[in-house]
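Below are the chains, spelled out letter by letter.
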Amino acid sequence: MQIVIGSDHAGYHLKESVVDFLRELGHDLVDIGSFNPDPVDFPDIARSLCQKIRNGEGERGLLICGTGVGAVIAANKIKGIRAAVCHDVHSAHQAVEHDDVNVMCIGAQIVGAWLARDLVRSFLDARFVQDDDFIRRVEKLAQLEEEN
Ligand SMILES: O=C[C@H](O)[C@H](O)[C@H](O)COP(=O)(O)O
């Protein structure tokens, strides 16, 4: 799977660890940075990452900041992006299965490297379930985007 990954400074070290893990798993990867722990604003990273998802340069995105909160707020402001901050494995897969989430956000100050790997694996292994209820709800999310 083609994956785009990015972080701000607070997520930099965890992002590097996740990059290593994704390479071990054999995924195609676009790493948009940060490439050092110098301060960077998470909305800028979210914009770059989500544009790549919208352009089809990646099927799924992984966005890491301090808590995952800023990242998920920013990503969900971008049309076509359904982002979720996930710090438990159940949410990481159900977010895709039910809600067709295409960007998972993680807080590097909240979870450690090993839980992050489990979250990433659950998210990437999950597929949207073609259930009428789930389809209708995701369509309603797109309607909300259009209305606002
Ligand atoms: O929701 C925001 C993120 O957690 C940021 O990573 C965090 O606010 C960065 O904080 P600071 O600039 O103090 O490192």
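Our structure's up above, just so we're on the same page.
The residue count restarts for each chain, going from 1 along the sequence in the order it is written. Totals for whole chains, interfaces and linings use all residues, but because this is a predicted model, local features are given only for residues with pLDDT of at least 70 and pairs of side-chain atoms are given and counted only at 80 or more. By convention in this description, side-chain values take in all heavy atoms of the structure and omit both hydrogens and water.

Turning to the site of the ligand, a few remarks are in order. Residues are classed as near a molecule or strand on a simple rule: at least one heavy atom within 4 Å of it. Residues in close proximity to the ligand include Asp-8, His-9, Ala-10, Phe-42, Cys-65, Gly-66, Thr-67, Val-69 and Gly-70, which together make up its full environment. In the analysis that follows, any N or O atom pair within 3.5 Å is treated as a polar contact, provided that within protein one partner can donate a hydrogen and the other can accept it, and provided that, for residues neighboring in sequence, both atoms belong to side chains. Gly-66 places a polar main-chain atom, nitrogen or oxygen, 2.8 Å from an oxygen atom of the ligand. In the model, an oxygen atom of the ligand is placed 2.8 Å from a nitrogen or oxygen of the Gly-70 main chain. Here the Shrake-Rupley method, with its probe set to 1.4 Å, supplies the accessible areas, and only the displayed protein chains count as covering residues. When isolated, the ligand has an accessible area of 380 Å², and the protein chains bury 56% of it. In this classification, Asp, Glu, Lys and Arg are treated as charged, Ala, Val, Leu, Ile, Met, Phe, Trp, Tyr, Cys and Pro as nonpolar, and every other residue, Gly included, as polar. Looking at the shell around the ligand residue by residue, the class counts come to 4 nonpolar, 4 polar and 1 charged.

Any pair of cysteine sulfurs within 2.5 Å is marked as a disulfide. Evaluation of the coordinates by the stated rule reveals 0 disulfides. Here Cys-50 is not cross-linked by a disulfide; its sulfur's nearest cysteine counterpart is in Cys-105, at 7.5 Å. Cys-50 sits in the buried class, given a relative accessible area of 0%. Here Cys-105 is not disulfide-linked; the sulfur of Cys-65 is the nearest cysteine sulfur, at 7.1 Å. To sort residues, take the accessible area from a 1.4 Å probe on protein chains only and compare it with the maximum for the residue type: under 20% means buried, over 50% means exposed, and anything in between is partly exposed. Since its relative accessible area comes to 0%, Cys-105 is described here as buried.

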